[in-house]
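Residue strings, one per chain:
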Amino acid sequence: MKKSRLLLSWIYSGGGARVSTAGIVDGIIEGSRGVKLLADESIKNINSEKYDLLILHGGQPGTDNLKKDPRVTTLLNEMESKKKLIGAICAAPIILEENGILRKRKRTSHPSVKEALLGDLYKEDRVVVDHNIITSRSPGTAMEFAFTLVEILFGKDRVILVNNGVLANI
């Protein structure tokens, strides 16, 4: 059986969004549905100082792979200590929970991992924002998640501009 290799996603905002992907392994990365990608960077070359937002993807076994990698924990702690933006979609909020980042924070996730995040701070909303933490539920909520990130980084006018080409129901 092939071992899945997964990505961390980063956004750098400096006059516009530049998106970079970082792999926890070198080479071709295979996602949970067999999609193959080549990351822009290796996680070993990432400096959190250069980024405004870290996004953790969902999907299995990717979430488990990210959870087990100490470099992910280090980067999350660096981003959180500086109150930089951290996003997590699908099962990935589990990684934030296990690193103590969701303490006293509203959150959501894919229903399959809801039990691990339950409490009065768990929300059924499609996207949840609490200070610098943004969580979302699934691939079906990815567009709303993306537009929430764009709005936080660049404002509502940029969301409207981007949506002129995308034509999403927002």
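Shown above is the structure to which this text applies.
Residues numbered from 1 in each chain as written. Predicted model: local features only at pLDDT ≥ 70, side-chain atom pairs only at ≥ 80, totals over all residues. Heavy atoms only, no water.

Comments concerning the side chain of threonine 141
Logical step 1: Its location among the elements puts threonine 141 in the loop between strand S9 (133-136) and helix H4 (142-154).
Logical step 2: Other than its neighbours up to four places away in sequence, threonine 141 contacts Ile89, Arg126, Val127 and Ser136. (Helix = DSSP H or I, 4+ residues; strand = E, 2+ residues; numbered from the N terminus. Contact = heavy atoms within 4.5 Å.)

Here we look at the packing of H4 against helix H5 (residues 156-166)
Logical step 1: Between H4 and H5, whose axes approach to 7 Å, the crossing angle comes to 140 degrees. With respect to their mutual orientation, H4 and H5 come out oblique. In terms of crossing hand, the pair formed by H4 and H5 is right-handed. Residues Met143, Phe147, Val150, Glu151 and Phe154 of H4 form the contact with H5, whose own contacting residues are Lys156, Arg158, Val159, Val162, Asn163 and Val166.
Logical step 2: Considered class by class, the residues forming the contact of H4 with H5 number 7 nonpolar, 1 polar and 3 charged. (Axes fitted to C-alpha atoms, helices over the stretch in contact; angles between N-to-C directions. Parallel < 35°, antiparallel > 145°, perpendicular 65-115°, else oblique. Left-handed = near helix turned anticlockwise from the far one by under 90°. Nonpolar A, V, L, I, M, F, W, Y, C, P; charged D, E, K, R; others polar.)

A word on the packing of aromatic side chains
Logical step 1: Throughout the structure, instances matching the rule amount to 0 aromatic pairs.
Logical step 2: In this structure, arginine 158 is placed above the aromatic ring of phenylalanine 154, and the distance from its NZ or CZ to the ring centre is 4.6 Å. (Phe/Tyr/Trp six-rings, centres within 6.5 Å; stacked < 30°, edge-to-face > 60°. Lys NZ or Arg CZ within 6 Å of the ring centre and 35° of its normal.)

Some words on the pattern of salt bridges
Side-chain pairs of opposite charge can arise whenever the charged atoms involved come near each other.
Logical step 1: What the rule picks out here adds up to 12 salt bridges.
Logical step 2: Salt-bridge contacts for glutamate 49 lead to lysine 82; the nearest nitrogen and oxygen are separated by 3.0 Å. Of this pair, glutamate 49 sits in the loop between strand S5 (41-42) and strand S6 (53-56) while lysine 82 is found in the loop between helix H2 (70-81) and strand S7 (85-89), placing the two residues 33 residues apart along the sequence.
Logical step 3: The closest approach of N and O atoms between arginine 126 and glutamate 144, which form a salt bridge, is 2.7 Å. Of this pair, arginine 126 sits in the loop between helix H3 (93-98) and strand S8 (127-130) while glutamate 144 sits in helix H4, and the two are 18 residues apart along the sequence.
Logical step 4: Taking the relative accessible area as the measure of exposure, glutamate 144 reaches 30% and is therefore partly exposed.
Logical step 5: It is possible to trace a salt-bridge network through shared partners that takes in Asp64, Lys67 and Glu98. (Salt bridge = Lys/Arg side-chain N within 4 Å of Asp/Glu carboxyl O. Buried < 20%, exposed > 50% of the residue type's maximum accessible area, 1.4 Å probe, protein only.)

Structural notes on H2
Logical step 1: Its 12 residues give H2 an end-to-end C-alpha distance of 16 Å, which sits within 8% of 16 Å, the value for a rise of 1.5 Å per residue.
Logical step 2: Lysine 83 lies just past H2 and shows a positive phi near 55 degrees. (Expected span 1.5 Å × (residues − 1).)

Quick look at the nonpolar core
Logical step 1: Counting 25 residues, the largest nonpolar core has Leu56, Val72, Leu76, Ile86, Ile95 and Leu96 as its most contacted members.
Logical step 2: Secondary structure elements with two or more residues in this core: S6, H2, S7 and H3.
Logical step 3: The element best represented in this core is H2, accounting for 4 residues.
Logical step 4: Membership of the second largest hydrophobic core comes to 9 residues, among which are Leu85, Val127, Phe145 and Leu149. (Core = buried A, V, L, I, M, F, W, Y, C linked by side-chain atoms within 4.5 Å.)

Here we look at a nonpolar patch on the surface
Logical step 1: A surface patch of nonpolar side chains, about 220 Å² in accessible area, is lined by Met143, Val162 and Val166.
Logical step 2: Following the sequence through the fold, methionine 143 ends up in helix H4.
Logical step 3: Judged by its relative accessible area of 40%, methionine 143 falls in the partly exposed class. (Patch = residues over 30% accessible without salt bridge, like charges linked within 9 Å, V, L, I, M, F, W, Y side chains within 5 Å. Areas by Shrake-Rupley, 256 points an atom, 1.4 Å probe, with all protein chains shown as cover.)

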